[in-house]
Amino acid sequence: MSADTAPAHHPAHAEGVLDRDTFAALFRRHPAGVAVISLDDGEKPIGFTATSVISVSAQPAVLAFSINDTSSSWPALSVAETVTVNLLAADQQQVSTVFATSGIDRFSQVDWHREPTGEAVLDGTSGWISGRVLERVPAGSSHLILVAADRAELAQEEPLVYRNRTYHQLLEYQI
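Here goes a summary of the coordinates provided. (Residues numbered from 1 in each chain as written. Predicted model: local features only at pLDDT ≥ 70, side-chain atom pairs only at ≥ 80, totals over all residues. Heavy atoms only, no water.)

All chains considered together, the criterion is met by 5 aromatic pairs. Considering the side-chain rings of F23 and F27, the 5.1 Å spacing of their centres and the 45° angle between planes classify their relative orientation as tilted. In this pair, F23 and F27 are both assigned in helix α1 (residues 20-29), 4 residues apart and thus about one turn of the helix distant. Put simply, the rings of F99, F107 and W112 pair up and form one aromatic cluster. (Phe/Tyr/Trp six-rings, centres within 6.5 Å; stacked < 30°, edge-to-face > 60°. Helix = DSSP H or I, 4+ residues; strand = E, 2+ residues; numbered from the N terminus.)

In structure tokens:
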């Protein structure tokens, strides 16, 4: 049975915990914007694809994202003081794929630059936000990273959206 044809209701386990397959199927169907989180490990830029970026507070500006503890980027992120969240544009599916691939030099395969303040920023995005890591909260097999946003740039490109293991572009319409 595919995620799109799963029954509308799955019972929880007897102990009241939602099973992993149902939880994953629900979130595969939930559309999300695609971002690349970038940081510096002191020697080189590090980056990974994330669909878990959320706005937490507008005043002060705080955002969050999650990362699995087994990610190759976690050791650097576990001690990083700052990060940049690059919000990918609709035509950047390949960039998302590059930063989701393990064992490669991700930054050698994309266009990017450093801001005067040192942040690694990807070119051609729909915008980026940089900030200081406030907290790393353990959450299951992942960590939730809270970031105090201090700099940003908004571009005109439409965002890249991910749903059900496929990239999508938004269409404007009125009802």
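Following the structure, the description resumes.
Topologically, D19 is positioned in the segment before α1. In terms of polar contacts, D19 uses its side chain to reach the backbone amide nitrogen of D21, at 3.3 Å. (Polar contact = N/O pair within 3.5 Å; in protein donor to acceptor, adjacent residues only side chain to side chain.)

Taking strand neighbours across the sheet as the criterion, the 7 strands line up as β3-β2-β6-β9-β10-β5-β4 in an open arrangement whose pairing is antiparallel. Of all strands in the sheet, those bounded by a partner on one side alone are β3 (45-50) and β4 (54-58). Each strand axis lies, on average, 30° off the axis of its neighbour in the sheet, ignoring direction. Of the pairings in the sheet, the one linking strand β9 (residues 127-139) to strand β10 (residues 142-154) comprises 12 bridges and is antiparallel in character. Across the sheet, G127 pairs through a bridge with L154, a residue of β10. (Pairing = 2+ DSSP bridges. Axes fitted to C-alpha atoms, helices over the stretch in contact; angles between N-to-C directions.)

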